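# Remarks on the overall topology
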Amino acid sequence: MEVRTLGVLTGGGDAPGLNAALRAVVRRAMQYGIRVLGIHQGWNGLIHGRVEPLTRYSISGILPRGGTILGTSRINPLETDEVAERVRANWRKYELDALVVIGGEGTLSAALDMHRRYDYPIVGVPKTIDNDLCGTDMTFGFDTALSVATEAIDRLHTTAESHDRVMVVEVMGRHAGWIAAGAGIAGGADIILVPEHPFRISEVCQILNHRKSLGRFFSIIVVAEDAHPHPDEDFLTAEERERVFQHTRLGGIGHLLAQKIEELTGIETRVTVLGYTQRGGVPTAYDRLLATRLGVKAVDMVRAGEFGYMAALQGQHMVSVPIAHAVSCIKRLDDELYETARVFFG
Ligand SMILES: Nc1ncnc2c1ncn2[C@@H]1O[C@H](COP(=O)(O)OP(=O)(O)O)[C@@H](O)[C@H]1O
Ligand SMILES: O=P(O)(O)OC[C@H]1O[C@](O)(COP(=O)(O)O)[C@@H](O)[C@@H]1O
Ligand SMILES: [Mg+2]
């Protein structure tokens, strides 16, 4: 089937590099004479008919810009029969021949559903700062988040040292510890707590006290937003657990951890939650490069009719993998990286 009109949308949380990917999709499509329609606010634009032709001019200058010029949302396109019908009607109205969906595990699961249930010709592009998608070695956005978090840790070091304080730095990553471990290692954190390895508060305090006995009166602890205390030593109340580990929203473990550390060690402790600074702003060169390669690859996959597949990085190469594989699991923090992080605990 010849593709004349290609839709493209960005869904889920934004990630630095989305605009680079959009630009790449448009530039590659232009080479093949394919018209690109940008769909606004993720699936929302397809449900409500908010689209815009993306031309050479509309994508000019966006390569180094954070966010996404199309906007994004966390809407499910198949939530109800009525919503699914609106998607179908708009697909016909805009004469879409195929769609490139740039998203994380949630958005790509929806894309897979649409492909499987209704045979929509969809190609996926992975994005997330969390780096937790299977089937690809890296997702764009991750490198930028890592840089932001590393710089923050560097800055916290000097103030921690001046005040003899413990600094708790809470980072994003959902159920995976990639940002925490990566930035923790790069920034020289003294303790790194990740979702993959429940922590014992007694061990955390032991490390802090040991550092103090060595004349290291300050410490930096990086804690991932979904890092849990070990059930043996769970110091959270049921209410606290429910509040900080919500299914769709995480955040707050840093403050509870800091409170407990102060209580158990008497060392003055402060908290910094990096939050959305990790997702905002200019993408690193690496993320621009990865996003560009994935965007080009996705259009090539559309041309080759590889629907239900996702562009991915494996080793040094662009490959296509079934979306089903990418969303079948969460790519958890690698054991080797965690062991490397542990070398520097204390
Ligand atoms: N398993 C799923 N099947 C279908 N739709 C899903 C699934 N998981 C999430 N979604 C939809 O995709 C939206 C985006 O997912 P989310 O996890 O928020 O972003 P991301 O694409 O970055 O992972 C969710 O709000 C939800 O409506
Ligand atoms: O933007 P929201 O809804 O507050 O979500 C915050 C979550 O989004 C992320 O920044 C990125 O996650 P996704 O790539 O799945 O969207 C997570 O690290 C964080 O837990
Ligand atoms: Mg997700």
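Numbers given to residues run from 1 along each chain, matching the order in which its sequence is written. Here every chain gets a letter starting at A, and every ligand a number starting at 1, in the order they are written. Per-residue local features are limited, in this predicted model, to residues with pLDDT of at least 70; the limit for side-chain atom pairs, both in listing and counting, is 80 or more; totals at the level of whole chains, interfaces and linings are taken over all residues. Computation of side-chain values: all heavy atoms of the structure, hydrogens and water removed.

If you look the protein chain up in an unreviewed UniProt entry, it shows as ATP-dependent 6-phosphofructokinase from Chloracidobacterium sp. N. UniProt positions are given in the numbering used here, feature names are shortened, and annotations may be inferred rather than shown by experiment. Among the UniProt annotations of the protein chain, the heading Catalytic activity (unreviewed entry) holds the following wording: "beta-D-fructose 6-phosphate + ATP = beta-D-fructose 1,6-bisphosphate + ADP + H(+)". In UniProt, the protein chain has this text filed under Cofactor (unreviewed entry): "Mg(2+)".

Within the protein chain, the regular secondary structure consists of 12 helices and 11 strands. Along the first, second and third principal axes, the C-alpha atoms of the protein chain reach 70 × 40 × 30 Å. Split into buried and exposed, the 346 residues of the protein chain put 55% on the buried side. Distance from the positive charge centre (36 side chains) to the negative charge centre (42 side chains) of the protein chain: 8 Å. What counts as a helix is a DSSP run of H or I of at least four residues, what counts as a strand is a run of E of at least two, and both are numbered from the N terminus. Buried means the residue's accessible area, taken with a 1.4 Å probe over protein chains only, is under 20% of the maximum for its type, while exposed means over 50%, and partly exposed covers the values in between. We treat Lys and Arg as the positive residues and Asp and Glu as the negative residues; His and chain ends play no part in the count. In plain terms, the charge of a residue is placed at NZ if it is Lys, CZ if Arg, CG if Asp and CD if Glu.

Moving on, we get to the sheet that holds strand β9 (residues 269-273). For two strands to be treated as a pair, DSSP must find no fewer than two bridges joining them. Here 4 strands make up an open sheet; going across it, the order is β7-β8-β6-β9 and the pairing parallel. A strand with exactly one partner marks an edge of an open sheet, and here the two such strands are β7 (191-193) and β9. Neighbouring strand axes in the sheet, compared pairwise and without regard to direction, differ in orientation by 20 degrees on average. Sheet topology places β7 next to strand β8 (residues 219-224); 3 bridges connect them, and they run parallel. Bridging from a neighbouring strand, isoleucine 191 pairs with isoleucine 221 of β8. Note on geometry: axes are C-alpha line fits, over the in-contact stretch for helices, and angles between N-to-C directions span 0 to 180 degrees.

A few words on the packing of helix α6 (residues 178-187) against helix α12 (residues 335-343). Remark: α6 packs on α12, axes separated minimally by 10 Å, with the N-to-C direction vectors making an angle of 40 degrees. Between α6 and α12, the interaxial angle falls into the category oblique. The hand of the α6/α12 crossing is left-handed. Residue-level contacts link Trp178, Ala181 and Ile185 of α6 to Leu337, Thr340 and Ala341 of α12. To sort the angles, those under 35 degrees are grouped as roughly parallel, those over 145 as roughly antiparallel, those from 65 to 115 as roughly perpendicular, and the leftovers as oblique. Crossing handedness follows the turn of the near helix against the far one: under a right angle anticlockwise gives a left-handed crossing, and clockwise gives a right-handed one. Contacts: residue pairs with any heavy atoms within 4.5 Å of one another.

Turning next to the state of the cysteines. Cysteine sulfurs are considered disulfide-paired once they come within 2.5 Å of each other. Tallied over the entire structure, the rule returns 1 disulfide. The partner cysteine of cysteine 134 in its disulfide is cysteine 329, sulfur to sulfur 2.1 Å. On the sign convention where negative is left-handed, the bridge of cysteine 134 and cysteine 329, at about -135 degrees about the S-S bond, is left-handed. Here cysteine 134, found in the loop between β5 (122-126) and α5 (142-163), pairs with cysteine 329, found in the loop between α11 (323-326) and α12; they are 195 residues apart in sequence, far enough to count as distant. The class of cysteine 329 is partly exposed, set by a relative accessible area of 33%.

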